[in-house]
Amino acid sequence: MRLIVLLFCLSPFLSIGQSADSLISVLKEIDLTIKKSECAEGQLLSNRGMNLFMADRVGYYLSDHENLTFCKNNLTFNTANGLFSMSHSLFEPTGADLPVRSYHVIGLKANALNAFHSATNQSAFNNELGFTYKHFWLSKPQITLHNCNEKWASDARRATILVALQKEIQEQSSDFEQSLANIQNLSDPLREELKSNFYKKIGEEYSRELAEREYRELFETMRFKKIAMHWTNFNVYIPVIRQRFTVADNFENNFNIRKSYPAELSISHTRFIETHNATKIYLNFRAGLFANNSINSKKLRETNLETYRSLGGKNISYLTDKQLNRFSIGNYENFITPNLKAQFVYFPPENHFGISATVEQNFGNFKALNGTIGIPVVLIDKQSAPLTNFEIQIHYFDMTNSLNSGRTLKDNVSIGISFGQPIGRNVY
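Each chain carries its own residue numbering, running from 1 in the direction its sequence is written. This being a predicted model, a pLDDT of at least 70 is required before a residue's local features are given, and a value of 80 or more before pairs of side-chain atoms are given or counted; all residues contribute to the totals for chains, interfaces and linings. Water and hydrogen atoms were dropped before computing side-chain values, which therefore reflect all heavy atoms in the structure.

### Notes on the side chain of asparagine 362
The secondary structure listing takes helices from DSSP runs of H or I that are at least 4 residues long and strands from runs of E that are at least 2 residues long, numbered from the N terminus. Relative to the elements of secondary structure, asparagine 362 occurs in strand 14 (residues 355-362). Relative accessible area decides the class of each residue, using a 1.4 Å probe on protein chains only: under 20% of the type maximum gives buried, over 50% gives exposed, and in between gives partly exposed. Residue classification places asparagine 362 among the buried positions, given a relative accessible area of 1%. Counted as a polar contact is a pair of N or O atoms within 3.5 Å, where, for protein atoms, one must be capable of donating a hydrogen and the other of accepting one, and residues adjacent in sequence contribute only when both atoms are in side chains. Within the local environment of asparagine 362, its side chain forms a polar contact with the side chain of asparagine 339, the two groups lying 3.5 Å apart. Here alanine 368 takes part through its backbone oxygen, which lies 3.0 Å from a polar atom of the side chain of asparagine 362. Contact between two residues is taken to exist if any of their heavy atoms lie within 4.5 Å; hydrogens are not considered. Asparagine 362 has contacts with Phe290, Thr337, Pro338, Asn339, Lys367, Ala368 and Asn370, leaving out every residue within four places of it along the chain.

Structure, rendered in structure tokens:
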């Protein structure tokens, strides 16, 4: 008997000889496993129910394509750097009641504003397009309770949910079996195929229904003291189009097209904490390497045709022939920049807006210390789940003025807005 139950748990809705009773027995076994767990373990929901709950809670912050979401597809855009990204999760549910622990994400990233900027300022097009890859490793959520009454209340609520689901499954099964019996001249193999497809479909349907009802019940009551979770993600960006820059070494030399291949590699770790009053805290630490250059790092400044002419530039004809008004003068270099970044994000109790602070230290040829202060905002849907994310960001570039000692902190301030949009169902 124990072996049969184990097989149901590993592949609950694909076994031979499916029936309403077999589907109900799987849901009851999930319920029994949770009820038998110790109060100190804090297991309030099925694993799939907790997956959906954490998808809701973690989804309050989506500002960058590297941020974690449980959603199948995501879009992000940042006005500060003009980068647009779209990503797709490759996670596929197994059918078993398991926590989401690891999955791959693929996507695209492009500089969506460069063409507009280049046309407006008469500079060379500096397009950027490439593939992104991410792999996430997630911990199992750890729940701390105020007392055992919170677990007993969740167990009691789940029991009422199971009674309702059992009735619905039996009614659907009875209607289907009656309809199937009324079909004449139906071969046995085809009859078995129809039954298998039907029970597979409603098995998955009611597995998700149990998880969603559990998640909604916990969301409405917030019956816990604290939930903590952490994850690590490995990120790769592989450009398919090289960046191109118009550069002259000085006012005497000819202009050249310099090319850059802005690939990037990073690993980051995030810790997430939420309390029963919906206070949310994200702590992120990131280490990365990216292919940098003198222009992207702002070691070379752009100039224009009027300034170039007034300072005695010798190759005005090249610029007029190419219809260029923005370009760079100086010693262009490509180099690798390592950097470390730390971020803190805080959402106050029961609020849909928060505050974030980021500090980033670069090393090597480019040593700038950058900072960002943000106000993240999440818009919710009619079920109070996160729907769309915005963040107003104040960027502080090179706060120690390592690139230009003549500038002050206020000279290096810029404003940007990030946008994040999950699309599709949450994986569970």
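### A word on the pairing of strand 12 (residues 326-329)
When DSSP finds at least two bridges between two strands, those strands are taken to pair. As defined by bridge partners, strand 7 (residues 243-248) adjoins strand 12 across two bridges and the pair is classed as parallel. Counted as the bridge partner of valine 247 is serine 328 from strand 12.

### Some words on the nonpolar core
Membership of the largest hydrophobic core comes to 39 residues, with the highest contact counts inside it found for Phe53, Met54, Phe70, Phe224 and Trp231. Only helix 3 (47-58), strand 3 (102-111), strand 4 (129-138), helix 6 (188-221), strand 6 (226-241) and strand 13 (334-347) provide two or more residues apiece to this core. Counting residues per element, this core draws most heavily on helix 3, at six residues. Contact partners of tryptophan 231, with chain neighbours within four places excluded, come to Val58, Leu68, Phe136, Trp137, Leu138, Ser268, His269, Thr270, Phe272 and Tyr282. We define the nonpolar core as a collection of buried residues of types Ala, Val, Leu, Ile, Met, Phe, Trp, Tyr and Cys that are connected through side-chain atoms lying within 4.5 Å of one another.

### Points about the layout of surface pockets
Think of a 1 Å grid over just the protein atoms. A cavity is a set of points where a 1.4 Å probe fits yet cannot get out, a pocket is an open set with protein on both sides within 12 Å along at least five of seven lines, and lining residues have an atom within 4 Å of a point. Grid points are joined across faces, edges and corners, and a volume is the space filled by probe spheres set on the points. Size it by volume and the second largest pocket reaches roughly 460 Å³. Along the walls of the second largest pocket sit 23 residues, with Asp381, Ala385, Pro386, Gly424 and Asn426 positioned nearest its centre. Elements with a minimum of two residues in the lining of the second largest pocket: helix 3, helix 6, strand 16 (386-396) and strand 17 (413-426). Put simply, Ala, Val, Leu, Ile, Met, Phe, Trp, Tyr, Cys and Pro go in the nonpolar bin, Asp, Glu, Lys and Arg in the charged bin, and everything else, Gly too, in the polar bin. Across the lining of the second largest pocket, the residue classes break down as 11 nonpolar, six polar and six charged.

### Regarding empty space enclosed by the protein
It is the rolling of a water-molecule-sized probe over the atoms that shows where space remains empty. A full pass over the atoms with the stated rule returns eight cavities of 30 Å³ or more. Taken as a whole, the largest cavity holds about 100 Å³ of empty space. In this structure, the largest cavity is lined by 16 residues; those nearest its centre are His65, Asn67, Asn74, Ser87 and Lys134. Elements that contribute at least two residues to the lining of the largest cavity include exactly strand 1 (71-78), strand 2 (83-89), strand 3 and strand 4. Examining the composition of the lining of the largest cavity, we find that four residues originate from one element, strand 2, more than from any other.

### Re the packing of aromatic side chains
The aromatic pairing rule takes the rings of Phe, Tyr and Trp, using the six-membered ring of Trp, and pairs them if the centres are within 6.5 Å, calling planes under 30 degrees apart stacked, those over 60 edge-to-face and the rest tilted. Within this structure, the stated rule accounts for 19 aromatic pairs. Ring geometry for tyrosine 308 against phenylalanine 327: centres 5.5 Å apart, planes inclined by 85°, an arrangement best described as edge-to-face. Taken together, the residues span a long stretch of sequence, with tyrosine 308 in helix 7 (residues 305-310) and phenylalanine 327 in strand 12 at a distance of 19 residues. An aromatic cluster is built from Tyr60, Tyr61, Phe272, Tyr282 and Phe347, whose rings are joined through pairwise contacts. Over the ring of tyrosine 237 we find lysine 109, and its NZ or CZ is 4.0 Å from the ring centre. Positioned above the aromatic ring of tyrosine 428, the side-chain terminus of arginine 208 is 4.3 Å from the ring centre. Charge over a ring is defined by NZ of Lys or CZ of Arg lying within 6 Å of the ring centre and within 35 degrees of the ring normal.

### Structural notes on the state of the cysteines
Cysteine sulfur atoms that pair up within 2.5 Å are treated as a disulfide. Tallied over the entire structure, the rule returns one disulfide. There is a disulfide in this structure between cysteine 39 and cysteine 148, and the S-S distance comes to 2.2 Å. The sign of the S-S torsion, about -125°, decides the handedness of the disulfide formed by cysteine 39 and cysteine 148: left-handed. With cysteine 39 in the loop between helix 2 (20-36) and helix 3 and cysteine 148 in helix 5 (residues 148-181), the pair connects residues that are 109 residues apart, well separated along the chain. Note on cysteine 39: relative accessible area 19%, which makes it buried.

### Here's the deal with the packing of helix 3 against helix 6
In this description, a line fitted to the C-alpha atoms serves as the axis of each element, helices being fitted only across the stretch in contact, and the angle between N-to-C directions of two axes falls anywhere from 0 to 180 degrees. Here helix 3 crosses helix 6 at 50°, and the two axes come no closer than 8 Å. Taken together, the axes of helix 3 and helix 6 lie oblique to each other. Judged by the sense of rotation from one axis to the other, the crossing of helix 3 with helix 6 is right-handed. For the pair formed by helix 3 and helix 6, the contact residues are Arg48, Gly49, Met50, Leu52, Phe53, Asp56 and Arg57 on the first element and Glu204, Ser207, Arg208, Ala211, Glu212, Glu214, Tyr215, Leu218 and Phe219 on the second. Partitioning the contact of helix 3 with helix 6 into residue classes produces seven nonpolar, two polar and seven charged. For classification purposes, an angle smaller than 35 degrees is called roughly parallel, one larger than 145 roughly antiparallel, one from 65 to 115 roughly perpendicular, and anything else oblique. With the far helix as reference, a near helix turned anticlockwise by less than a right angle produces a left-handed crossing, and one turned clockwise produces a right-handed crossing.

Function-wise, these values are silent; they only describe arrangement.
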